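Each chain, letter by letter, is given below.
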Amino acid sequence: EPFDQRADIYALGCMMYHMLIGRPPHHAAKSAVVLLQHVRETPVLFHEAWSEGRFPVGLQEIVFRCLEK
């Protein structure tokens, strides 16, 4: 199927996650593993990925809504 705005929204969620947490939402040594993670897994929650970080209420919700499959 052709790409539509959903791909852009997902990419925005990935960029926001990376900017806020300091690493991409999915990472591994092999790119094939990263692709599978994007399809099958939900990223680590903010407070688990960065315990010292403090984020405004609702920010994680916005990012994870963008990352919905």
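If you're wondering where the values come from, they're calculated on a predicted model, not measured in any experiment. (Residues numbered from 1 in each chain as written. Predicted model: local features only at pLDDT ≥ 70, side-chain atom pairs only at ≥ 80, totals over all residues. Heavy atoms only, no water.)

1. Re the overall build of the chain
Inference 1: Across its full length, the chain holds 4 helices and 0 strands.
Inference 2: Counted from the first residue to the last, the chain has its helices and strands arranged as α-α-α-α.
Inference 3: Each principal axis of the C-alpha distribution contributes one length, and for the chain these read about 40 × 30 × 15 Å.
Inference 4: In the chain, buried positions account for 25% of the 69 residues.
Inference 5: Taken as a whole, the chain presents about 5500 Å² of accessible surface, with 59% of it coming from carbon and sulfur.
Inference 6: Considering the chain, the positive charge centre built from 7 side chains and the negative charge centre built from 8 side chains are found 5 Å apart. (Helix = DSSP H or I, 4+ residues; strand = E, 2+ residues; numbered from the N terminus. Buried < 20%, exposed > 50% of the residue type's maximum accessible area, 1.4 Å probe, protein only. Areas by Shrake-Rupley, 256 points an atom, 1.4 Å probe, with all protein chains shown as cover. Lys, Arg positive; Asp, Glu negative; His and termini not counted. Charge placed at Lys NZ, Arg CZ, Asp CG, Glu CD.)

2. Remarks on the layout of surface pockets
Inference 1: Within this model, the largest pocket holds a volume of roughly 230 Å³.
Inference 2: Of all the secondary-structure elements, those providing two or more residues to the lining of the largest pocket are helix H1 (5-21) and helix H4 (59-66).
Inference 3: The element that contributes the greatest number of residues to the lining of the largest pocket is H1, accounting for 4 residues.
Inference 4: Tallied by class, residues from the lining of the largest pocket come to 4 nonpolar, 1 polar and 4 charged. (1 Å grid on protein atoms, 1.4 Å probe; cavity = no way out; pocket = protein on both sides within 12 Å on 5 of 7 lines; lining within 4 Å. Points joined across faces, edges and corners; volume = space filled by probe spheres on them. Nonpolar A, V, L, I, M, F, W, Y, C, P; charged D, E, K, R; others polar.)

3. Things to note about the packing of aromatic side chains
Inference 1: If you walk through the whole model with that rule in mind, you get 5 aromatic pairs.
Inference 2: Ring centres 4.9 Å apart and planes at 50° place the aromatic pair Phe46 and Phe55 in the tilted group.
Inference 3: An aromatic cluster of at least three residues, connected via ring pairs, comprises Tyr17, Phe46, Trp50, Phe55 and Phe64. (Phe/Tyr/Trp six-rings, centres within 6.5 Å; stacked < 30°, edge-to-face > 60°.)

4. Some thoughts on the environment of Ala7
Inference 1: Positionally, Ala7 belongs in helix H1.
Inference 2: Owing to a relative accessible area of 31%, Ala7 belongs among the partly exposed residues under this scheme.

5. Some remarks on the side chain of Gln37
Inference 1: Relative to the assigned elements, Gln37 resides in helix H2 (residues 31-40).
Inference 2: The contact partners of Gln37, leaving out residues within four places of it in the chain, are His26, His27 and Ala28. (Contact = heavy atoms within 4.5 Å.)

So far we have only geometry, and geometry alone does not tell us how the molecule works.
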